[in-house]
Amino acid sequence: MRSIEDEATAWVAVLGNDGDAFVAVFDQHRDRVYRHALRLTTNVHDAEDVTAGAFLELWRRRKSVRVVDDSVLPWLLVTTTNLSRNLTRGLRRYRVLIAALPRAEVAKSAEDVALGRIEDLRTAERVRSAMSGLSSSDAALITLIMFEHFSPAQAAIALGISNGAARTRLHRARNRMTEALASLEDGDSAHTTKEPIR
Amino acid sequence: MSTTEMDPVFTTALRDVLLATVKVAPRVRRRWRWRMGTGMLVGLTLAGGGVALASGVFSPPGAPVDSPLGNLITATRTGTATIDIGIPPTTATDLSLSLTCLTVGSFEFPNGSSMSCDAADLSHSIPIDRQASEVVPLTVGVDTVTIRTSANATWMLQVTYVNQVTTAWGVNANGETYGVTNQNGTPDLVAVVFNHGNTHGYVKESDLNCAAGGGVASPAEALAWDKVRQNRNISIPVFQSDGVTIIGAFVLGDATGSDAQTVPLSSLSLGC
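We now turn to the structure provided with this report.

What counts as what
Residues numbered from 1 in each chain as written. Chains lettered and ligands numbered in written order. Predicted model: local features only at pLDDT ≥ 70, side-chain atom pairs only at ≥ 80, totals over all residues. Pairing = 2+ DSSP bridges. Helix = DSSP H or I, 4+ residues; strand = E, 2+ residues; numbered from the N terminus. Axes fitted to C-alpha atoms, helices over the stretch in contact; angles between N-to-C directions. Parallel < 35°, antiparallel > 145°, perpendicular 65-115°, else oblique. Left-handed = near helix turned anticlockwise from the far one by under 90°. Contact = placed C-beta atoms within 7 Å. Core = buried A, V, L, I, M, F, W, Y, C linked by C-beta atoms within 7 Å. Buried ≥ 20, exposed ≤ 12 C-beta atoms within 10 Å, placed from the backbone.

1. Some points on the sheet that holds strand 3 (residues 64-78) of chain B
Residues and elements named next belong to chain B.
- Pairing in this open sheet of 4 strands is antiparallel, and the strands run 3-10-5-8 from one edge to the other. Single-partner strands in this sheet number two, and they are strand 3 and strand 8 (131-137). For this sheet the average axis-to-axis angle between neighbouring strands, irrespective of direction, equals 20°.
- Bridge count for strand 3 against strand 10 (residues 154-166) is 12 bridges, and the pairing is antiparallel. Directly across from Val 65, in strand 10, lies its bridge partner Val 165.

2. With respect to the packing of helix 2 (residues 19-40) of chain A against helix 4 (residues 73-85) of chain A
Residues and elements named next belong to chain A.
- In the contact formed by helix 2 and helix 4, the axes pass within 10 Å of each other and the chain directions differ by 30°. Considered as vectors, helix 2 and helix 4 are oriented roughly parallel to each other. Crossing angle aside, the handedness with which helix 2 passes helix 4 is right-handed. In this structure, helix 2 uses His 29, Arg 32, Val 33, His 36, Ala 37 and Leu 40 to contact helix 4, whose residues at the interface are Leu 73, Leu 76, Leu 77, Thr 80, Thr 81 and Ser 84.

3. Considerations on the nonpolar core
- Of all hydrophobic cores here, the largest spans 60 residues; its most connected members are Val14(A), Val25(A), Val72(A), Leu76(A), Leu144(A) and Ala155(A).
- Per-element accounting of this core gives the leading share, 11 residues, to helix 2 of chain A.
- Residues within four places of Val14(A) in sequence aside, it is in contact with Ala21(A), Phe22(A), Val25(A) and Arg62(A).
- Residues Tyr202(B), Val203(B), Ala212(B) and Phe239(B) belong to the second largest nonpolar core, which totals 24 residues.

4. Observations regarding the environment of Glu7(A)
Residues and elements named next belong to chain A.
- Relative to the helices and strands, Glu 7 resides in helix 1 (residues 7-15).
- Accessibility expressed as a C-beta count within 10 Å gives 20 for Glu 7, which makes it buried.
- Glu 7 sits 65 residues away from Val 72 along the chain, and the two C-alpha atoms are 8.4 Å apart.
- The contact partners of Glu 7, leaving out residues within four places of it in the chain, are Gln 28, Asp 70 and Ser 71.

Here's what the structure looks like:
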């Protein structure tokens, strides 16, 4: 894997149709994009499809990608969020291409792998459920700031909104996310809480 | 396999696909002047974006017409830099930018289009061979232009405000639109100049897309396409605006070696 010392320079090379530079950008960010896709999808195959879609979109829309602090990662993460929210529609353009990609014969589903980590799986399911109730813009903000630890200022640039608007929307999105998670928590409690011992 | 790392088989295949995708993209070292073989597209390129047309030479339907406003500003810089261009006139709609590379390097305009210059480009005695022109819409409240470059790349920028009006495409007897790609899309017949810039005509958008790799839909096709293109140029017919009368051939590709071939699109089975 070729590491990128200067992503901004690599991105300029990508814009000049440098395939090696584009592959270097892929190698630099693929794991983080994939982990984020896993967070929002129900199995590893979907997460792989979304990751592939995010990088194919990065190429297709390379001329309009917002570069934040010399990195395309925020754009990739927001695109990953959007693709995960509607797999069928988001990946329609690449359906044939992605379906043609080979995979390891034994690819465990996220559920299989997580059998020993039921609590992790429940958490992931709660996150997915809570995220699905947010608007696209709120989901993008949550992705960048709460999950990926970008600053509100960086998220604002990535989303093309003002710093103030990002902070206002973040406050609202956080509240909605918290409410959604609490609601799911209550639902779980209704099934699992035992009567107190008297 | 860890749950936090992609399947290595999938990863390798995806990497190959991405590389192949870049390779089959039109080799547009200068997007505004998509020079392929002996011809070039006129006006806006397939990928969109603005282009300054040489006034009085050939102004096909759909082309933007730019009227300069105010003074021409010239600046020379090395590396990424921002130029102050002053407050725009009230009728200004766009900025006309002309960039000349003075050293080897990559250069990116504010709208994301880019050019690269190598030693061969710099050896050209005619400055226009090292120039790129773009017309970019104004952004309210922004009166600077930033050019991003690779390390230590030196450039000269000429910039002026313009008022831009886009003309309408023509429509021939068969109902096909002809002209240049603009913000409304791409016409059925796309304007080109060829024969060393001496002749203009139109190529079918479908031919252009196919010859540029637009029909690739799978890794296998992408790799097959790459093989087809190796050391080979592809020619497509050039028509008058009627879309029927053939007046020449437009060549796509940059194969120039002694064993380079030019083959007609019709002789290839590209599935598009």
